[in-house]
Amino acid sequence: MKSRLTLKPRKPFILFVVFLLCTTVMIPLTASAAYFNTYTTVATLENANGGNSAQGFDVGSTYAYSVKVSNGDQKQVIYRTNMNTGATELMTNGDNGTTYRTDLGHANDIVLSTIDGTHYMFVATMKDGTAGVMSLVKLKYVGSTYYKVGSYTIKEGGVNKSVSGVKVLSKDANTINFLFKRGESFYKGSLPLNANSGTINMTAAFSINVKGALVNGSPLPDITYTHQSFAIYKNAIFVPITNKNVSIVLVYRNVSNASGRITSDPNLSFRITSAAYPELFEIEGVGVAHGDKLWFNTNRKKTSTDLLHDGVHYFNDFNASQFIQ
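For clarity, every value in this text was computed on a predicted model and none was experimentally measured. (Residues numbered from 1 in each chain as written. Predicted model: local features only at pLDDT ≥ 70, side-chain atom pairs only at ≥ 80, totals over all residues. Heavy atoms only, no water.)

**Here's the deal with the packing of aromatic side chains**
For any pair of aromatic rings, geometry is given as the distance between the ring centres together with the angle between the planes. If you walk through the whole model with that rule in mind, you get 19 aromatic pairs. Summarising the aromatic geometry, the rings of phenylalanine 318 and phenylalanine 323 are spaced 5.7 Å apart at their centres and angled 15° between planes, so their arrangement reads as stacked. These aromatic residues form a ring-pair network of at least three members: Phe36, Tyr39, Phe238, Phe270, Phe281, Phe296, Phe315, Phe318 and Phe323. Positioned above the aromatic ring of phenylalanine 230 is the side chain of lysine 167, whose terminal nitrogen or guanidinium carbon lies 5.6 Å from the ring centre. (Phe/Tyr/Trp six-rings, centres within 6.5 Å; stacked < 30°, edge-to-face > 60°. Lys NZ or Arg CZ within 6 Å of the ring centre and 35° of its normal.)

**Considering the side chain of glutamine 228**
Mapping glutamine 228 onto the fold places it in the loop between β20 (226-227) and β21 (231-233). In this structure glutamine 228 comes out as buried when scored by relative accessible area, which is 3%. Within the structure, the side chain of glutamine 228 is placed 2.8 Å from the side chain of glutamate 282, a separation counted as a polar contact. Apart from the residues within four sequence positions on either side, glutamine 228 is in contact with Asn108, Ser164, Lys181, Pro240, Glu282, Ile283 and Glu284. (Helix = DSSP H or I, 4+ residues; strand = E, 2+ residues; numbered from the N terminus. Buried < 20%, exposed > 50% of the residue type's maximum accessible area, 1.4 Å probe, protein only. Polar contact = N/O pair within 3.5 Å; in protein donor to acceptor, adjacent residues only side chain to side chain. Contact = heavy atoms within 4.5 Å.)

**Some remarks on the layout of surface pockets**
A volume near 190 Å³ is recorded for the largest pocket. Gly60, Ser61, Leu112, His119 and Tyr141 are the residues nearest the centre of the largest pocket, which is lined by 13 residues in total. At the level of elements, β3 (53-59), β4 (63-69) and β8 (109-115) are the ones that each hand at least two residues to the lining of the largest pocket. When residues in the lining of the largest pocket are grouped by element, the largest group, three residues, is from β8. In the lining of the largest pocket, the residues fall into five nonpolar, seven polar and one charged. (1 Å grid on protein atoms, 1.4 Å probe; cavity = no way out; pocket = protein on both sides within 12 Å on 5 of 7 lines; lining within 4 Å. Points joined across faces, edges and corners; volume = space filled by probe spheres on them. Nonpolar A, V, L, I, M, F, W, Y, C, P; charged D, E, K, R; others polar.)

**Describing the confidence of the model for the protein chain**
Low-pLDDT portions of the prediction should not be read for the details of their coordinates. Of all residues in the protein chain, 90% have pLDDT values of 70 or greater, and the mean over the chain is 92. Note that pLDDT drops below 50 for residues 11-31; the model gives that stretch zero contacts with residues more than four away or on any other chain. (pLDDT = per-residue confidence, 0-100.)

**Examining the nonpolar core**
Formed by 22 residues in total, the largest nonpolar core has its most connected members in Phe238, Phe270, Leu294, Phe315 and Phe318. Elements represented by at least two residues in this core include exactly β1 (34-36), β21, β22 (236-243), β23 (246-253), β25 (268-273), β26 (280-289) and β27 (293-301). Considering every element that reaches this core, the biggest residue donor is β26, with four residues. Setting aside residues up to four positions removed in sequence, leucine 294 forms contacts with Phe238, Val249, Phe270, Val286, Gly287, Val288, His313, Tyr314, Phe315 and Phe318. (Core = buried A, V, L, I, M, F, W, Y, C linked by side-chain atoms within 4.5 Å.)

**Points about the pattern of salt bridges**
Scanning the entire structure with this criterion turns up 10 salt bridges. Glutamate 184 is the partner of arginine 261 in a salt bridge, and the nearest nitrogen-oxygen pair spans 2.5 Å. Of this pair, arginine 261 sits in strand β24 (residues 261-263) while glutamate 184 sits in the loop between β14 (175-182) and β15 (185-192); the two residues are 77 residues apart in sequence, bridging distant segments of the chain. The partly exposed category is assigned to glutamate 184, whose relative accessible area is 27%. Of the charged contacts, one joins arginine 253 and aspartate 265 as a salt bridge, the two residues approaching to 2.6 Å between their closest N and O atoms. Here the residue arginine 253 occupies a position in strand β23, and aspartate 265 occupies one in the loop between β24 and β25, the gap between them amounting to 12 residues. Owing to a relative accessible area of 32%, arginine 253 belongs among the partly exposed residues under this scheme. Given a relative accessible area of 11%, aspartate 265 falls into the buried group. Connected through shared salt-bridge partners, Asp95, Arg101, Asp103 and Lys148 make up one network. (Salt bridge = Lys/Arg side-chain N within 4 Å of Asp/Glu carboxyl O.)

**What to know about the pairing of strand β9 (residues 118-124)**
Taking burial as the measure, the seven residues of β9 include five buried ones, the bulk of the element. As judged from the seven bridges shared by β8 and β9, these two strands associate in the antiparallel manner. Paired with leucine 112 across the strands is methionine 121, a residue of β9. The antiparallel hairpin formed by β8 and β9 contains two residues in its connecting segment, where aspartate 116 sits at a positive phi of about 50°. Bridge count for β9 against strand β10 (residues 136-142) is five bridges, and the pairing is antiparallel. Its bridge partner lying in β10, phenylalanine 122 is registered against lysine 138. (Pairing = 2+ DSSP bridges.)

As structure tokens, then:
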């Protein structure tokens, strides 16, 4: 007598499998953090007129502009680098025919702005005006020649202040609105659009949280970083910080209406740890341009006396329009 095996329906199991598969399809994959740590060098910057320390930086549609200063900030020179070809030229001071200035202080940051069809460059001197160098200097530039056309005192609560960073937050037919930086603090201030002198009364906007910021998923170590300038792009700011041969760029979003202390985007970070320049790899300034790349200038040193490798570069594989909406 043969035994007969009766198979019972397994509908609950089948339904469970179908549910599991559907759920898997419906749950989106969690995107990994966007992290960039390689770069391309487009140009090196010379040391004309003793200008051996890279400082302020900004980008236009074709050229990146870099300021270098001499020891003691006695002289300042400005280079422009063609972002297509890397060709770099020393700009001329149209006021006296030289290739340097003496009134831009430490020139820690610059911002470009076109007003009524004319190109201008505002320079944050890191001075407060009390020693004869104004907080902010305005240069007009035509091709590779620039001219001084204005200067301003910056005050907070009636007290002269210096700033280490400056960018244009917005402008309209009558007013240009700036975002200034001092360390981890940011401020807002305005000028009449065509004013070439006067006082900018800045007010506190927000501060940034650097300690514990996530870079490639890990919090920054509790060490001292040197702060530099910043860039602004589509309501986000890019803030470079440096410790010896490590430079990091932190990104903070929604800054136009930010207040209090804000935290960096944990899913977007940049870092270069340079074995090639163990003495110093210092990102001074950053800017988004030319294919939405993140451009920057550097002080790079193999030894403490190395003065040969300052440059203009961009981060590989980064396209701002993909990450900054």
